[in-house]
Amino acid sequence: EARWGLNWLLGTRFGDGYRDGGIIVGIWTDNVIGTKDDMETKATNDPFDNFISSVAIALAVPYYTSIDPVFSDWCRKAAMKDYDFAVENMGRILNQKNETELYSTATVASMHLYQCTHEQRYLENAVSYAKVIMECQQLERRKDWSIALHGFFYESRNKRCPLTFFHRSNEELMIEGLCLLLKNAPGHPDSSKWMASCK
């Protein structure tokens, strides 16, 4: 099942940053060409899709290293390329409503590639992205609110609107990225900040 999903991810990428990021799955084929179920989608070069693909494919690398090293290597190279496409296009789609989500997805992808390749650039990127995540967090209690909440995240560093999800529920990504940093770089100068953010 996992291999089927990985093959689907690898098969929906065109190798230039563009990929088929989604399609309606509520319509099933009647095996007749030219009817309603012949769905078409538009390929996009979207950083979110490329980061998410990078994470999923990078996670597969160690599991296939001994049983299918060719497939494992293909996954590693595809995950690295998808990551690079995503990083290249981060600024193009960045807006005030997705800054936290984008940087948290980038942090998680960076750390999974760091675990997979041990290349320092991924760790350095994750450290940089984590700073943005923490700037988007309400660290002190909101004393101007009737319930003095803290610890939650805003959509962006301007801290105007709390982060909410209505479709892709990625609430875990902010803390997942920080936890991956703590696990893989516990001696980093920023580790105490990561821990404080998680707490």
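Turning next to the overall build of the chain. A tally of regular secondary structure across the chain gives 7 helices and 0 strands. For the chain, the α and β elements follow one another from N to C terminus as α-α-α-α-α-α-α. For the chain, buried positions account for 44% of its 199 residues. Pairs at least 24 residues apart make up 61% of the contacts formed inside the chain by residues separated by at least 6 positions. In the chain, 22 positive and 26 negative side-chain charges are present, and the distance between their average locations comes to 7 Å.

The subject of this paragraph is a nonpolar patch on the surface. A cluster of nonpolar side chains, namely W145, I147 and L149, defines an oily patch on the protein surface of about 290 Å² accessible area. Relative to the assigned elements, W145 resides in the loop between α5 (120–135) and α6 (173–184).

To continue, consider the pattern of salt bridges. On inspection of all chains with the given rule, the structure shows 10 salt bridges. With its nearest N and O atoms 3.0 Å apart, the salt bridge here joins D82 to R13. Highlighted residues: D82 in helix α3 (residues 69–93) and R13 in the loop between α1 (2–11) and α2 (47–64), separated in sequence by 69 residues. On the basis of relative accessible area, D82 is assigned to the buried category, the value being 2%. A relative accessible area of 15% places R13 in the buried class. Residue E119 is joined to R121 by a salt bridge in which the shortest nitrogen-to-oxygen separation is 3.3 Å. Of the residues examined, E119 reaches a relative accessible area of 30% and is grouped as partly exposed.

Reading the values: rules and limits
Residue indices begin from 1 for each chain and proceed along its sequence in written order. Local features are withheld for residues below a pLDDT of 70 in this predicted model, meaning they are given only at 70 or higher, and side-chain atom pairs are given and counted only at 80 or more; totals for whole chains, interfaces and linings count all residues. Computation of side-chain values covers all heavy atoms of the structure but excludes hydrogens and water. Helix and strand assignments come from DSSP, with helices taken as H or I runs of at least 4 residues and strands as E runs of at least 2, each series counted from the N terminus. For each residue, the accessible area found with a 1.4 Å probe, counting protein chains only, is set against the maximum for its type, and the residue is called buried under 20%, exposed over 50%, and partly exposed in between. Pairs of residues are marked as contacts when any of their non-hydrogen atoms sit within 4.5 Å. In this count, Lys and Arg are taken as positive residues and Asp and Glu as negative ones, while His and the chain termini are left out. Each charge is placed at NZ for Lys, CZ for Arg, CG for Asp and CD for Glu. Within this analysis, patches are made of residues with over 30% relative accessible area and no salt bridge. Like charges are joined at 9 Å or less; nonpolar side chains (Val, Leu, Ile, Met, Phe, Trp, Tyr) at 5 Å or less. Accessible surface is estimated by sampling points in the Shrake-Rupley manner with a 1.4 Å probe; for residues, cover comes only from the protein chains shown. The salt bridge definition used is simple: a Lys or Arg side-chain nitrogen within 4 Å of an Asp or Glu carboxyl oxygen.

From the geometry alone we can't say anything about function, so treat these as descriptive.
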